[in-house]
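Next come the chains, spelled out residue by residue.
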Amino acid sequence: MSVLVGRDTRLLVQGMGKHGTFHAVGCREYGTNVVGGVTPGKGGTTVEGFPLFDTVEEAVRKTGANVSVVFVPPAGAADAIIEAADEAIALVVAITEGIPTLDMVKVWAYLKDRATRLIGPNCPGIISPGERCKVGIMPGHIHLGGPVGVVSRSGTLTYEAVAQLTALGIGQTTCIGIGGDPIIGTTHTDALRLFNEDGTTEAIVMIGEIGGSAEEDAAAYVKAHVKKPVVGFIAGQTAPPGRRMGHAGAIIAGGKGTAAEKMKAMEAAGIRVVKSPAEIGSAVKEVIRRK
Amino acid sequence: MKIHEYQGKAVLARYGVTVPKGRVAYTVDEAVEAAKALGFPVVVKAQIHAGGRGKGGGVKLARNLDECEEIAKGMLGMTLRTHQTGPEGRIVRRLLIEQGMDLSGSKEMYLAVLVDRANGKPVFMASAQGGMEIEEVAAKDPGAILKESVDPVVGFRPYQARKLAFGLGLAPDVVPKAAALMLALYKAFEASDASLVEVNPFLITKAGDVLALDAKVSLDDNALFRHPDLVELRDFDEEEPLEVDASKYSLNYIKLEGGQVGCMVNGAGLAMATMDIIKLAGGSPANFLDVGGGASADQIKNAFRILLADRDVRAVLINIFGGILRCDVLAEGVIAAVRDLKVSVPVVVRMKGNNEEKGRAMLKESGLNFDTADGMTEAAEKVVRAAGGAR
């Protein structure tokens, strides 16, 4: 009923500050098994009932954590991701916004030959509503368990799409916010592969935005491998070139990375591309019915 | 963050990249002084954050003091228009006075370092076709661009620099000099957390010396916290004043030319999508504005102030997907802002989150010029109508 996170998730929170603690409580209330937090110097204490540890090594040894969520501020976030990877945590979800690109270049190279998967950074996280497992900052109540996988570079736009689905009674297996930075751990293609191989996911929603060519790569993957219906939307059809639209990665550079190019590639791959962000839900309803 | 050519050259020189001797001048007197110190001829270069300056009349050769004074007088304060500035152009406030180089028998090539998003690594690019824009080269003759991907574990290797230098067709005695400059360029890129360093043209003189004749350096905004010295290089004159104002309140605002519908949204993706749906409804968005996740009363007030400073705005759409946010609190902030700022244009509010109904009722009962909408399509149609209809 889900990919990457679910009933077996034992979540560790890296960076149990005000923000981290607030969302750790939110994850627990939703149903996630939050086993503790790491804040160097606070080891041995508890906050909101969560045991705290000084290092990820100790936390994993004592709690059996297999997923971590990173709230550590930008200057230390890359270090936190690498620390989690060194303890072989299977999935690291980095919420932190504003990590220097060259830090992520190093993290990317470091993770390449390791078993750890990274989601983010600069993302809302991942949620599997059917298994009541939320790892991130998204509002849990807008989600509903069901057959649709959602992958998106955005936060609130993903909530918008999910709310449309839920309002139509269409639930989700897992929703993955992959993040708005230029260098991210899990790409659209990676997420599509997971949903394609997941027996319970029947349709996929893919939300992209201007900048880079990840959506084009994903479209090529869909064309070659995906038989499940895919609905797509690209934000930034009206964005001016050369301007960074909020997200570090959302920029049309040298005429490349436009919404038009991405939509064309996606349509050519058989993806049902909607022009209006308000039509994501209804398009999914149609493609599911047609199946 | 973009910086000026003279600042970029100073950064590159710090890591061993050879650049022509030069000085910045804010006044005609300073320009003349600089030229005297450098000796003639000098090149007078307008410093704006845009390329294509030469064609627009922003780069001129001065052979003597009189010429230098005349050129500096004409250039300082002029509005320079290039294909990158748009029709409104940029006012020139600083000049770079640089020693004139003997270009006869020289070659102009191209070097750049940036991060390749597709493979998550820095890439060093070189082309023998300098002096023209790399996008043009990429379109006409992609094979003319040489690329070396950099493994961050070991960095840009000397052999890679040599490979590029040989690939450019440089003479064997020039290759070591060119490779040394490339290694220095990479060091500058890495040490200053740049998002782009571009040397175009990369000059190889008749005598076989190599230097960066022009330099474009852009810095990674996310890394500025560890470069206080580079933060100082920000030139607010080069930025849209409203955008600078917005950034003080953690608002991400980008003005769009000729739009009538102001929009205020939380989240970058949703903000772009809101612009898109306004366009689909027949209107044109006046701006991109991301108020962030919290959307506090103070932020909403400042957001309104900035949106309405744009005289073209005929109506405002607020699209907030709160989730956790309480809509009654949001409504309170919106009402207070509209009252305090005496906002007279119609405002359409679409909000999702806790206490939605209560928030909507508060807006209706306020007696102010509000309309509310449930979905994005409805909101876009209403605001476009309020702004004077589709055009």
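Just so you know, these numbers come straight off a predicted model, no measurement behind them.

Asks: Requested: an account of the overall build of chain A, with residues and values cited.
Replies: Check the secondary structure of chain A and you find nine helices and 14 strands. The C-alpha radius of gyration computed for chain A amounts to 18 Å, which stays within 12% of the reference 19 Å derived for 291 residues, consistent with globular compactness. Dimensions along the principal axes, computed over C-alpha positions, put chain A at roughly 55 × 40 × 30 Å. In chain A, which comprises 291 residues, the share counted as buried stands at 60%. Of all intrachain contacts in chain A linking residues separated by at least 6 positions in sequence, the fraction that spans at least 24 positions is 71%.

Asks: Which residues make up the packing of helix H5 (residues 158-167) of chain B against helix H6 (residues 175-191) of chain B, and what are the values?
Replies: All names here are of chain B. Look at H5 against H6: their axes get within 8 Å of each other, and the N-to-C directions meet at 125°. Between H5 and H6, the angle falls in the class oblique. The chirality of how H5 crosses H6 is right-handed. When H5 is examined against H6, the residues Pro158, Ala161, Arg162, Leu164, Ala165 and Phe166 are found in contact with a partner set consisting of Val175, Ala178, Ala179, Met182 and Leu183. Split by residue class, the contact of H5 with H6 holds ten nonpolar, no polar and one charged.

Asks: Give me the nonpolar core: which residues, what numbers.
Replies: Membership of the largest hydrophobic core comes to 158 residues, with the highest contact counts inside it found for Val70 and Ile81 of chain A together with Leu289 and Val383 of chain B. No other element matches the nine residues that helix H9 (residues 268-280) of chain B contributes to this core. Contact partners of Val383 of chain B, with chain neighbours within four places excluded, come to Val261, Ile278, Gly283, Ala315, Leu317 and Val348 of chain B. Core analysis: the next-biggest nonpolar cluster, separate from the first, contains 40 residues, Ile3, Leu111, Met182 and Ala215 of chain B among them.

Asks: Which residues make up the interface of chain A and chain B, and what are the values?
Replies: It is common to give the size of an interface as the accessible area that goes away when the parts come together. Taken together, the 46 residues of chain A in the interface contact 43 residues of chain B. At the level of elements, helix H3 (74-86), helix H4 (101-111) and helix H5 (156-167) of chain A are the ones that each hand at least two residues to the side of chain A that touches chain B. The leading source of residues in the side of chain A that touches chain B is H4 of chain A, at six residues. Residue composition of the side of chain A that touches chain B, by class: 24 nonpolar, 16 polar and six charged.

Asks: Explain helix H12 (residues 356-365) of chain B residue by residue, including any values.
Replies: Note on helix geometry: an α-helix contains 3.6 residues per turn, so any two residues three or four positions apart are oriented the same way. Residues and elements named next belong to chain B. Along H12, the positions that sit buried rather than exposed are Gly359, Arg360 and Leu363. Buried residues of H12, viewed axially, fall in a sector of 95°; they line one side. Residues of H12 that are exposed and point over 90 degrees away from its buried face: Glu357 and Glu365. Contacts made by the buried residues of H12 are with helix H11 (327-340), strand E17 (347-354) and strand E18 (370-372). The first or second residue beyond H12 is Gly367, which carries a positive phi of 75°.

Asks: Provide a residue-level description of helix H9 (residues 280-290) of chain A, including the pertinent values.
Replies: Residues and elements named next belong to chain A. Among all positions in H9, only Ile280, Gly281, Ala283 and Val284 are buried. The arc that holds every buried residue of H9, seen down its axis, measures 160°, which confines them to one face. Facing away from the buried surface of H9 by more than 90 degrees, the exposed residues are Arg289 and Arg290. Against the buried residues of H9 lie strand E10 (145-152), H5, strand E12 (203-209), strand E13 (230-235) and strand E14 (272-273).

Asks: So what's going on with the sheet that holds strand E7 (residues 117-119) of chain A? Residues and values would help.
Replies: Residue and element names in this part refer to chain A. Spatially, seven strands are ordered E3-E4-E2-E1-E5-E6-E7 in an open sheet, and the strand pairing comes out mixed. Here the strands that pair on one side only, and so sit at the sheet edges, are strand E3 (46-47) and E7. With four bridges joining them, strand E1 (residues 11-14) and strand E5 (residues 67-70) adopt parallel strand pairing. When the bridges of E5 are listed, Val13 appears paired with Val69. Relative to the sheet, helix H1 (residues 18-30) contacts E1, strand E2 (34-38), E3 and strand E4 (50-53), its axis offset from that of E2 by approximately 170°. The sheet contacts of helix H2 (residues 56-63) involve E1, E2 and E4, and relative to E2 the element is tilted by about 160°.

About the thresholds
Residues numbered from 1 in each chain as written. Chains lettered and ligands numbered in written order. Predicted model: local features only at pLDDT ≥ 70, side-chain atom pairs only at ≥ 80, totals over all residues. Helix = DSSP H or I, 4+ residues; strand = E, 2+ residues; numbered from the N terminus. Rg over C-alpha atoms; globule rule 2.2 N^0.38 Å. Buried ≥ 20, exposed ≤ 12 C-beta atoms within 10 Å, placed from the backbone. Contact = placed C-beta atoms within 7 Å. Axes fitted to C-alpha atoms, helices over the stretch in contact; angles between N-to-C directions. Parallel < 35°, antiparallel > 145°, perpendicular 65-115°, else oblique. Left-handed = near helix turned anticlockwise from the far one by under 90°. Nonpolar A, V, L, I, M, F, W, Y, C, P; charged D, E, K, R; others polar. Core = buried A, V, L, I, M, F, W, Y, C linked by C-beta atoms within 7 Å. Arc of directions from axis to C-beta. Pairing = 2+ DSSP bridges.

None of this, on its own, says anything about what the molecule does.
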